[in-house]
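The chain contents come next:
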Amino acid sequence: MADAVDAAALYARLSIARIREQLQYRTSFALQTLGMFAISFLDFAAILVLFANVPQLGGWSVSEVALLYALSSLAFSLTDLVIGHLDLLPQMVRAGTFDLILVRPRGTLFQLVTQDFQLRRVGKIAQSIAILAYALATVRVDWTLERAALLVVIVPAGALIFGSIWVAAICIVFWTIDANEAANAVTYGGSFFAQYPINIYDRWLRRFLAYVVPTAFVAYFPALFILGKPDPLGLPAWLEVSTPLVALMAAAVTALIWRAAVRHYQSAGG
Amino acid sequence: MQLIELEDVRKDFVVRRPLGRLRRERVVVRAVDGITLSVEPGSIVGYIGPNGAGKSTTIKMLTGILVPSSGRIRVAGFEPTRQRIDLARRIGVMFGQRITLWFDLPLIESFELLRYIYRVPAERYERNLRAFRELLELDPFLRTPVRQLSLGQRVRGEVAAALLHDPEILFLDEPTIGLDVVAKQRVREFLVQANRERGLTVMLTTHDLADIERLSSRILIIDHGRLIYDGDVEALKERYGRERILIVDLVEPAAPLRVDGGRVIRVEGPRQWIAFERGTSAAALTAAVAAQAPLRDLAVEEPDIEDVVRRIYGATATARATTERSSTA
């Protein structure tokens with residue numbers, strides 16, 4: 001427990017240091033945050049364009065898809081804020097600077113996460129919250145305690161799922177340096193698919209999203225529960241509330257992959 | 001008890017070489033090939049060898065960066081990669097060619113962050129910082145962002161950063177590379193002092209024989225992943241570094257000169273290389289040369305570490321010829 005508090009304090013300290021560095025260039029920072037906020041609406045505009053042509057998408061109304069989009073996008077942008085700079089890892093592995101992380105008395109993943117903190121990414125979080133507000137205001141929900149509780153829990157759980165997928169995918173750089181494009185396909189691709197109801201996809205893609213890269217648990221299953229919608233696919237009902245459990249399992253599997261990957265690190269140079 | 005122990009340590013790297021357009025060949029390269037050694041607390045050990053000999057690989061295994069392929073390693077009682085975090089608290093590491101400090105932050109803020117990363121108690125941190133500020137003369141650039149520091153300033157900052165948490169062992173990989181003479185000297189003096197006053201054990205790799213001469217009494221030489229010399233510096237120089245070389249530029253090309261106490265080892269137009277014993281005076285030799293042919297210019301070359309290593313390697317190569325090749329498919 002004391003360790004967790006200590007780690008949280010260090011996280012805050014390192015992040016504040018990074019933010020102070022970024023605030024040295026205030027105008028650039030403000031424009032980037034604003035740009036991130038504005039551009040992320042284009043994403044959502046694509047959904048609106050779709051609904052201008054069809055009244056429903058796989059049995060989902062525009063507000064319901066907005067809810068899916070907002071849940072997925074909020075979880076994704078939280079993940080991006082905390083570990084988005086994991087993109088730096090391939091470069092660190094190639095140049096051998098990952099060495100420095102291994103000689104300091106802290107967890108390797110923790111140090112990677114604290115390497116950077118891009119405050120401008122809150123722009124994307126703000127946009128997700130705005131769409132979530134819109135979705136919750138227009139969608140019809142019979143609110144119960146269980147539904148409200150699930151809504152609160154799934155955002156951090158969804159972020160944990162995305163985070164686990166990212167970390168597991170990026171581990172490939174410890175084996176082949178130039179494969180991080182493949183990793184991007186899994187991470188960004190996974191988040192894109194999570195923004196739409198999975199019943200519109202082909203059977204194999206659905207299974208992939210539910211059981212291999214579990215992004216269906218970020219928004220689709222919990223949204224079914226919150227909306228009280230019968231699953232168009234007729235999958236077991238307990239899947240709808242299992243997001244937190246899936247998140248913990250994904251994190252555990254990723255931790256094992258990460259350990260194996262770090263032991264495989266070959267450094268660089270003589 | 002020994003502070004560092006290696007027992008028959010090996011490290012193989014798997015390298016994939018392109019073979020034609022699509023196929024690749026899998027080659028195992030043995031970077032470290034059976035090293036056994038131990039280091040006592042309080043010593044300064046110089047670790048040298050030509051590029052690619054396996055120095056850095058050894059250091060990386062000792063500091064918990066690389067997992068050895070076989071053999072046993074103990075550093076401060078820990079098995080480096082398995083007990084990485086425990087070990088990291090007890091050792092300091094500095095890579096001459098890598099920046100560990102926060103690039104965009106003032107130096108002092110990097111120290112502050114390291115203090116929390118290593119959980120250094122406030123009072124000990126203050127005491128160490130005060131000492132290092134004075135010894136390494138950090139004050140003029142303590143509030144300058146690291147990216148604006150000169151190489152010499154940055155290296156001093158890095159050395160201080162590596163010692164803030166009072167490690168027992170300091171590993172340095174090429175600490176003086178690229179530094180000017182004055183900066184090198186300052187770093188060396190600091191290390192000697194830290195060794196004497198704090199009982200700090202130092203293990204460093206370098207290409208600069210002067211680093212070894214000023215710092216360490218013990219020298220380890222590695223080549224092709226094997227330890228080929230382990231002993232003191234004086235004995236090494238006695239055995240392998242006895243000769244210096246006088247390079248003379250004559251006014252006109254001439255036949256190899258014949259001078260007492262020296263022998264011509266190379267001729268290239270008007271330039272000749274004359275090897276002579278360390279005990280012989282370069283001045284006397286120069287006079288002898290000038291008496292035979294008019295001189296335009298001259299220079300004296302000290303044996304550098306690469307020469308010494310090459311000579312040692314030459315002596316051991318015959319013995320090694322029967323043993324198996326170090327890289328096999």
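Residues numbered from 1 in each chain as written. Chains lettered and ligands numbered in written order. Predicted model: local features only at pLDDT ≥ 70, side-chain atom pairs only at ≥ 80, totals over all residues. Heavy atoms only, no water.

A. View of the interface of chain A and chain B. Counting from both sides, the interface comprises 32 residues of chain A and, opposite them, 32 residues of chain B. Interface area for chain A against chain B, summed over the two sides, is near 2900 Å², with a carbon-plus-sulfur share of 53%. When the buried area of chain A at its contact with chain B is split by residue, Val103(A), Arg104(A) and Pro105(A) rank highest and sum to 23% of it. There are four salt bridges connecting chain A and chain B. A salt bridge links Asp99(A) to Arg98(B); the shortest N-O distance between them is 2.6 Å. Here chain A is connected to chain B by ten residue pairs in polar contact (both at pLDDT 80 or more). Every element with two or more residues in the side of chain A that touches chain B is listed here: helix 1 (2–22), helix 5 (98–102) and helix 6 (108–113) of chain A. The element contributing the most residues to the side of chain A that touches chain B is helix 1 of chain A, with nine residues. Along the lines of polarity and charge, the residues of the side of chain A that touches chain B split into twelve nonpolar, ten polar and ten charged. (Contact = heavy atoms within 4.5 Å. Buried area = accessible area lost by both parts, 1.4 Å probe. Salt bridge = Lys/Arg side-chain N within 4 Å of Asp/Glu carboxyl O. Polar contact = N/O pair within 3.5 Å; in protein donor to acceptor, adjacent residues only side chain to side chain. Helix = DSSP H or I, 4+ residues; strand = E, 2+ residues; numbered from the N terminus. Nonpolar A, V, L, I, M, F, W, Y, C, P; charged D, E, K, R; others polar.)

B. Expanded view of the sheet that holds strand 5 (residues 91–95) of chain B. Residues and elements named next belong to chain B. In spatial order, the strands read 5-6-7-3-8-9; together these six strands make up an open sheet with mixed pairing. The outermost strands of the open sheet, each flanked by one partner alone, are strand 5 and strand 9 (226–232). Each adjacent strand pair in this sheet contributes to an overall mean axis angle of 15 degrees, direction not counted. Bridge analysis of strand 3 (residues 44–48) against strand 7 (residues 201–205) gives four bridges, and the strand direction is parallel. Residue pairing in the sheet places Val 45 in a bridge with Met 203 of strand 7. The strands touched by helix 1 (residues 55–62) within the sheet are strand 3, strand 6 (169–173), strand 7 and strand 8 (218–223), with strand 7 carrying the most contacts at an inclination of about 145 degrees. Sitting on the sheet, helix 5 (residues 151–163) is in contact with strand 5 and strand 6, with an inclination near 160 degrees to strand 5. (Pairing = 2+ DSSP bridges. Axes fitted to C-alpha atoms, helices over the stretch in contact; angles between N-to-C directions.)

C. The arrangement of a nonpolar patch on the surface in detail. Residues and elements named next belong to chain A. On the surface, Phe 208, Tyr 211 and Val 212 cluster together to form a nonpolar patch covering roughly 330 Å² of accessible area. Structurally, the position occupied by Val 212 is in helix 10 (residues 203–212). By relative accessible area, Val 212 is classed as exposed at 56%. (Patch = residues over 30% accessible without salt bridge, like charges linked within 9 Å, V, L, I, M, F, W, Y side chains within 5 Å. Areas by Shrake-Rupley, 256 points an atom, 1.4 Å probe, with all protein chains shown as cover. Buried < 20%, exposed > 50% of the residue type's maximum accessible area, 1.4 Å probe, protein only.)

D. Seen up close, the domain arrangement of chain B. Under the domain assignment used here, chain B contains domain 1 (4–237) and domain 2 (242–302). Relative placement of domain 1 of chain B and domain 2 of chain B: their C-alpha centres are 40 Å apart. (Domains from an automatic or database assignment.)

E. Spotlight on the packing of helix 1 of chain A against helix 3 (residues 107–117) of chain B. Between helix 1 of chain A and helix 3 of chain B, the shortest axis-to-axis distance is 10 Å and the interhelical angle comes to 160 degrees. Relative to helix 3 of chain B, the element helix 1 of chain A is oriented roughly antiparallel. Read as a crossing pair, helix 1 of chain A and helix 3 of chain B show a hand that is left-handed. Here helix 1 of chain A contributes Leu10(A), Arg13(A), Leu14(A), Ala17(A) and Arg20(A) to the contact with helix 3 of chain B, which in turn contributes Glu109(B), Leu113(B), Tyr116(B) and Ile117(B). In terms of residue class, the contact of helix 1 of chain A with helix 3 of chain B is built from six nonpolar, no polar and three charged. (Parallel < 35°, antiparallel > 145°, perpendicular 65-115°, else oblique. Left-handed = near helix turned anticlockwise from the far one by under 90°.)

F. Spotlight on the confidence of the model for chain A. Looking at chain A as a whole, its pLDDT mean stands at 86, while 97% of the residues score no less than 70. Mean pLDDT across the elements of chain A bottoms out in helix 9 (residues 180–193) of chain A (73) and peaks in helix 12 (residues 243–263) of chain A (94). (pLDDT = per-residue confidence, 0-100.)

G. Local environment of unusual backbone geometry. All names here are of chain B. Of note in this structure, Arg 119 is not a glycine but carries a positive phi near 50 degrees. Checked against the element boundaries, Arg 119 lands in the loop between helix 3 and helix 4 (122–135). Residue classification places Arg 119 among the partly exposed positions, given a relative accessible area of 38%. Phi is positive for Glu 174, which is not a glycine, with a value near 55 degrees. Mapped onto the elements of the fold, Glu 174 is located in the loop between strand 6 and helix 6 (181–198).

H. Structural context of the sheet that holds strand 13 (residues 295–301) of chain B. Residue and element names in this part refer to chain B. In space, the four strands of this open sheet follow the order 11-12-10-13, with antiparallel pairing throughout. On the outer flanks of this sheet lie strand 11 (262–268) and strand 13, each paired with one strand and no other. Pairwise comparison of adjacent strand axes, ignoring direction, gives a mean angle of 20 degrees for this sheet.

I. Representation of the confidence of the model for chain B in the model. Of all residues in chain B, 91% attain a pLDDT of 70 or more, and the chain-wide mean is 86. Predicted complex metrics record ipTM = 0.77 and pTM = 0.79.

J. Looking closely at the packing of aromatic side chains. Summed over the entire model, instances satisfying the criterion amount to 15 aromatic pairs over all chains. Taken together, a centroid distance of 4.9 Å and an interplanar angle of 50 degrees make the contact between Phe217(A) and Phe221(A) tilted. Every member of this aromatic cluster is reached through a ring pair, and the members are Trp60(A), Phe217(A), Tyr220(A) and Phe221(A). Above the plane of the ring of Trp273(B) lies Arg266(B), whose end atom (NZ or CZ) is 4.0 Å from the centre. (Phe/Tyr/Trp six-rings, centres within 6.5 Å; stacked < 30°, edge-to-face > 60°. Lys NZ or Arg CZ within 6 Å of the ring centre and 35° of its normal.)

K. Molecular detail of the pairing of strand 2 (residues 24–39) of chain B. Residues and elements named next belong to chain B. Note that strand 1 (residues 4–18) and strand 2 share 13 bridges and pair antiparallel. From the neighbouring strand, Val 9 faces strand 2, where its bridge partner is Ile 35. Taking the residues between adjacent antiparallel strands as the criterion, strand 1 and strand 2 are bridged by five residues, where Gly 20 takes a positive phi near 80 degrees.

L. Here's a closer look at the side chain of Arg115(B). If you trace the backbone, Arg115(B) turns up in helix 3. Setting aside residues up to four positions removed in sequence, Arg115(B) forms contacts with Val120(B), Ala122(B) and Tyr125(B).

M. The arrangement of the environment of Leu68(A) in detail. All names here are of chain A. Structurally, the position occupied by Leu 68 is in helix 3 (residues 62–83). Overall, the relative accessible area of 0% leaves Leu 68 in the buried class. As a C-alpha pair, Leu 68 and Ser 191 span 123 residues in sequence and 11 Å in three-dimensional space. Excluding its chain neighbours within four sequence positions, the residues that come into contact with Leu 68 are Trp 60, Ala 194, Gln 195, Tyr 196, Pro 197, Ala 219, Tyr 220 and Ala 223.

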